[in-house]
Amino acid sequence: MQKNISAILVFCAGINSYAQDIPALENSKPSTIDFNVGLKTSHLWRGLVINDGMTATGFVHLALDKNQNLTTGVWGGAGFDGKYREIDYYIQYQKSNFSIGLWDLFNTTGMTSPEVFNYDKLTTTHIIDLRTSYSFPKSFPLRLEADVFLYTGKNDRQIDANNNYNSRYSTYVKLSYPVIENQKVNVSLYVGGVFAIDGTSNLYRGDQSKNFGIVNTGFKLSKEISVLNYKLPVSATAMWNPANKIARIQLAVDLF
């Protein structure tokens, strides 16, 4: 962890010195296509430790309408050690406080020959993830997220009494609430639970003899640090997974 923190600090220092030679962009117009890059000391997702080391992420997104409510794009992650690799595709609609999206998750970690175009229901490693969220009004800014795996191969299937593989439709529900906003350091609390719609277990739990469980709870601190005329968003997340008995601290920086 100490090496990971040092790597982020060194990288940010490099940005600071490099930024002195780059003129600030002024009067730039909103673009229908954009991309973002970030660094994390680990990649945590819904209470799971997807990569337990330095991770770089990239996000390319394209607006499909003039109001930029409908977007599509690609998200990717890669571990600094070369072991973790992931590429996801998505399409999402967001308006006001509601969003709904469909994601194709494809983690190729440990695969010597990833079958990127294999969607066979028994062998594919793709996961089709339906994501929804709703944020309540500012007077009570609770955010509710509900996600369900609509289609998977071997990752989220269970043998029934007739020896047939059926999808469990593993579902993740998360509540998050900002307890400190518009301050130098903002703080939010969160808790996430899981269950299978059609099965006695779900993908998120290590104990496959149980279904429901709390897998993701903790808090997130976020702030901005100044790099010349640029505001660099940074965050620290503390995560506990009671069901799987794990805990992690994650530091992250959104570079642009």
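Located above this text is the structure these notes cover.
Definitions and limits used
- Residues numbered from 1 in each chain as written.
- Predicted model: local features only at pLDDT ≥ 70, side-chain atom pairs only at ≥ 80, totals over all residues.
- Heavy atoms only, no water.
- Helix = DSSP H or I, 4+ residues; strand = E, 2+ residues; numbered from the N terminus.
- Buried < 20%, exposed > 50% of the residue type's maximum accessible area, 1.4 Å probe, protein only.
- Core = buried A, V, L, I, M, F, W, Y, C linked by side-chain atoms within 4.5 Å.
- Contact = heavy atoms within 4.5 Å.

J.: Help me out: how do you make sense of unusual backbone geometry in this one?
T.: Peptide bonds are mostly trans, and most non-glycine residues show a negative phi. With phi around 55°, Arg46 is a residue other than glycine that occupies positive phi space. One can find Arg46 in the loop between strand 2 (43-45) and strand 3 (48-51). Taking relative accessible area as the criterion, Arg46 reaches 6% and is therefore assigned buried. Notably, Lys245 is not glycine yet its phi reads approximately 55°, a positive angle. For Lys245, the location among the structural elements is in the loop between strand 15 (230-241) and strand 16 (246-254). Judged by its relative accessible area of 73%, Lys245 is exposed.

J.: What exactly am I supposed to notice about the nonpolar core here?
T.: In a soluble, globular protein the nonpolar side chains are often hidden away together inside. In terms of nonpolar packing, the biggest core is built from 13 residues, with Trp103, Leu105, Phe149, Tyr172, Val194, Tyr204 and Val215 touching the most fellow members. Sequence-distant contacts of Tyr204, defined by excluding residues within four places in its chain, comprise Trp45, Arg46, Leu48, Phe149, Ser170, Thr171, Tyr172, Val194 and Asn244. Residues Val227, Val234, Val253 and Leu255 belong to the second largest nonpolar core, which totals six residues.

Distances and angles like these do not, on their own, reveal function.
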